[in-house]
Amino acid sequence: MITYLIIFAIIGFIIAKVIKEAKKSFLIIFCISIIAGFFYTPMWGLVSFGEMALGYFVVYFTKD
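Note that the structure is a prediction, hence the values are computed from the model and not measured.

Rules used in this analysis
Residues numbered from 1 in each chain as written. Predicted model: local features only at pLDDT ≥ 70, side-chain atom pairs only at ≥ 80, totals over all residues. Heavy atoms only, no water. Axes fitted to C-alpha atoms, helices over the stretch in contact; angles between N-to-C directions. Helix = DSSP H or I, 4+ residues; strand = E, 2+ residues; numbered from the N terminus. Parallel < 35°, antiparallel > 145°, perpendicular 65-115°, else oblique. Left-handed = near helix turned anticlockwise from the far one by under 90°. Contact = heavy atoms within 4.5 Å. Nonpolar A, V, L, I, M, F, W, Y, C, P; charged D, E, K, R; others polar. Expected span 1.5 Å × (residues − 1). Buried < 20%, exposed > 50% of the residue type's maximum accessible area, 1.4 Å probe, protein only. Arc of directions from axis to C-beta. 1 Å grid on protein atoms, 1.4 Å probe; cavity = no way out; pocket = protein on both sides within 12 Å on 5 of 7 lines; lining within 4 Å. Points joined across faces, edges and corners; volume = space filled by probe spheres on them.

**Q** Is there a simple way to explain the packing of helix 1 (residues 2-18) against helix 2 (residues 22-39) in this structure?
**A** Helix packing geometry: the angle between the two helix axes and the distance between the axes. Axis separation between helix 1 and helix 2 bottoms out at 10 Å; the angle between their running directions is 155 degrees. Taken as axis vectors, helix 1 and helix 2 run roughly antiparallel relative to one another. Crossing of helix 1 against helix 2: the hand is right-handed. Facing helix 1, whose interface residues are Phe8, Ile11 and Ile15, helix 2 presents Ser25, Ile28, Ile29, Ile32 and Ala36. Classifying every residue of the contact of helix 1 with helix 2 gives 7 nonpolar, 1 polar and no charged.

See the structure below:
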């Protein structure tokens, strides 16, 4: 399970670095989490949303 935490946090990190607008970033994160929810279970879709949001906020709070 730690592997998925790392993978989705890195995806959130990459989304934050590539896309500068917050609304577009969260829309992409939301869509990816819905897709993950379809492939696994809805609970894991929510968990993946939180993990990608973690990666996004690490970039957001550490930028100068």
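**Q** Quick question: what am I supposed to make of helix 2 here?
**A** Since the α-helix packs 3.6 residues into each turn, any two residues three or four apart lie on the same face. In a regular helix each residue adds 1.5 Å, so 18 residues correspond to 26 Å; helix 2 covers 26 Å between its end C-alpha atoms and thus fits that length. Turning to helix 2, its buried residues are Ser25, Ile29, Ser33, Ala36 and Gly37. End-on, the buried residues of helix 2 take up no more than an arc of 110 degrees, which puts them together on one face. Exposed and facing more than 90 degrees away from the buried side of helix 2 are Lys23, Leu27, Phe38 and Phe39. Next to the buried residues of helix 2 lie helix 1 and helix 3 (42-62).

**Q** How should the side chain of Ser33 be read in this particular structure?
**A** Following the sequence through the fold, Ser33 ends up in helix 2. Among all residues touching Ser33, those that are not within four sequence positions of it are Gly45, Ser48, Phe49 and Met52.

**Q** Before we go on, may I ask you to explain the layout of surface pockets in this structure?
**A** Over the atoms a probe the size of a water molecule is rolled, and this reveals where empty space is left. As a volume, the largest pocket reaches approximately 150 Å³. As for the largest pocket, its lining consists of Met1, Tyr4, Phe8, Ala36, Tyr40, Trp44, Val47, Ser48 and Glu51. If you list the elements that add at least two residues to the lining of the largest pocket, you get helix 1 and helix 3. Ranked by residue count, the leading element in the lining of the largest pocket is helix 3, at 4 residues. The residue makeup of the lining of the largest pocket, split by class, is 7 nonpolar, 1 polar and 1 charged.

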